[in-house]
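Remarks on the overall topology
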Amino acid sequence: MNSTALTDIQKTQLSKLEKRLRHNVGQAIAEYNMIEDGDKIMVCLSGGKDSYALLSILMKLKESAPINFELIAVNLDQKQPGFPEHILPQYLDTLGIEYHIVEEDTYAIVKDKIPEGKTTCSLCSRLRRAVLYKTAKNLGATKIALGHHRDDMIETLMLNMFYGGKMKAMPAKLVSDNGEHVVIRPLAFCKESELIYYGELKQFPIIPCNLCGSQPNMQRQNIKRMLNDWNEQSPGRIESMFTAMRNIVPSHLCDSNLFDFKSIDSSSGVINGGDVAFDESEINNSFNNSTKHNNELNVIEVK
Ligand code: SF4
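Not measured: the values here are computed from a predicted model.

As for the site of the ligand
By nearness alone, every residue bordering the ligand is listed as Thr120, Cys121, Cys124, Ser125, Cys209, Cys212 and Ser214. The residue inventory of the shell around the ligand, partitioned by class, reads four nonpolar, three polar and no charged.

A look at the sheet that holds strand β2 (residues 70-77)
Taken in spatial order, the six strands make up an open sheet running β3-β2-β1-β4-β6-β5, and their pairing is mixed. Both edges of this open sheet fall to β3 (99-103) and β5 (173-175), since each of them pairs with a single strand only. Direction aside, neighbouring strands of the sheet carry axes that sit 25° apart on average. Bridge analysis of strand β4 (residues 143-145) against strand β6 (residues 182-184) gives three bridges, and the strand direction is parallel. What sits directly across from Ile144, in β6, is Val183.

With respect to the packing of helix α1 (residues 8-31) against helix α7 (residues 192-202)
Contact geometry for α1 and α7: axes closest at 10 Å, N-to-C directions at 135°. Classified by the angle between their axes, α1 and α7 sit oblique to one another. In this structure, α1 crosses over α7, and the sense of that crossing is left-handed. Side by side, α1 and α7 meet where Gln10, Gln13, Leu14, Leu17 and Leu21 of the first sit next to Glu194, Tyr197, Tyr198 and Leu201 of the second. Across the contact of α1 with α7, the residue classes break down as six nonpolar, two polar and one charged.

Details of the UniProt feature "short sequence motif: PP-loop motif" (unreviewed entry) in the protein
As recorded in UniProt, the feature "short sequence motif: PP-loop motif" (unreviewed entry) lies at residues 46-51. Helix makes up 50% of residues 46-51 and strand makes up 0%, while its end C-alpha atoms are separated by 6 Å.

Points about the nonpolar core
By size, the foremost hydrophobic cluster in this structure holds 46 residues, and its most contacted members are Met42, Val43, Cys44, Leu54, Ile144 and Ala145. With six residues, the top contributor of residues to this core is helix α2 (residues 49-64).

Some words on unusual backbone geometry
Located in the positive-phi region is Asn33, a residue other than glycine, with phi close to 50°. Checked against the element boundaries, Asn33 lands in the loop between α1 and β1 (40-44). Judged by local crowding, Asn33 falls into the exposed class, with 9 C-beta atoms found within 10 Å. At Gln203, a residue that is not glycine, the phi angle is positive and equals roughly 55°. With respect to the helices and strands, Gln203 occurs in the loop between α7 and α8 (218-233).

Let's talk about helix α4 (residues 106-113)
Restricting attention to buried positions, one finds in α4 the residues Thr106, Tyr107 and Val110. Looking straight down α4, one finds its buried side chains confined to an arc of 105°; they lie on one side. Opposite the packed face of α4, turned more than 90 degrees from it, sit the exposed residues Ala108 and Asp112. Turning to α4, the residues buried within the fold contact α5 (121-139).

Each value, and the rule that gives it
- Residues numbered from 1 in each chain as written.
- Predicted model: local features only at pLDDT ≥ 70, side-chain atom pairs only at ≥ 80, totals over all residues.
- Near = placed C-beta within 6 Å.
- Nonpolar A, V, L, I, M, F, W, Y, C, P; charged D, E, K, R; others polar.
- Pairing = 2+ DSSP bridges.
- Helix = DSSP H or I, 4+ residues; strand = E, 2+ residues; numbered from the N terminus.
- Axes fitted to C-alpha atoms, helices over the stretch in contact; angles between N-to-C directions.
- Parallel < 35°, antiparallel > 145°, perpendicular 65-115°, else oblique.
- Left-handed = near helix turned anticlockwise from the far one by under 90°.
- Contact = placed C-beta atoms within 7 Å.
- UniProt positions renumbered as here; feature names shortened; annotations may be inferred.
- Core = buried A, V, L, I, M, F, W, Y, C linked by C-beta atoms within 7 Å.
- Buried ≥ 20, exposed ≤ 12 C-beta atoms within 10 Å, placed from the backbone.
- Arc of directions from axis to C-beta.

Okay, structure coming up:
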């Protein structure tokens, strides 16, 4: 594996960035109680920057964690044409961690079932999930860790709002759709831009994700572009959106299953600040406060 030596500046940047990512991952783990003593965590490794970063940061955290937990890296080789099967084993051997490469020709199934030119991602992901769940069961894993990050979660929220009529994002921790596994997303508080830079500095041996020949999900790409444009015009916008996802006020939305609007009467008192949410100054102040708070968290800028 070829790697280029880092300059002193890059080494300093890497150390600061790694510290911040570790802090963010530690914060998410604590907030959602993602990892407990005795856990056996199956870390899903796709060969993309996010899952490499996830494994690397979890390994670092394990060194200093006050609890004991195991990490097992798992990659699913879906038999896509041109998949460089030597890359992950070569990399994982250098880490000295238990790993498994599971071979399942889901590519052939997808090609067989989906007509040429149609999107293959939905069936492909379903098959991949099924294989990963089976593997977790065989390994006796108590949790499955996935490499989705903060920006994936915000994009999913927007996708669901624009195309699904639901205010729903990607859960930081939840039970899998077959009801058997706890799925965790320890990168929930990490920014994609920082994971990209981390991947560059760490020189992860990235495996391209377009080997299957499928088009990227255009809706997600459009949302990503829209969010990045907004953020360029008004820096802090994405930050504020994620803060909002952790600060939900059901009484000021419209879901009567989530909040008992029917029982409100004049004796209910002021609920969550009362009816002031449309006041311009209120919104500006809360936005400024949230960006100020986030800026304080991000004092060590690396890029
Ligand atoms: S891009 Fe290819 S490998 Fe990825 S989910 Fe879609 S079909 Fe599967």
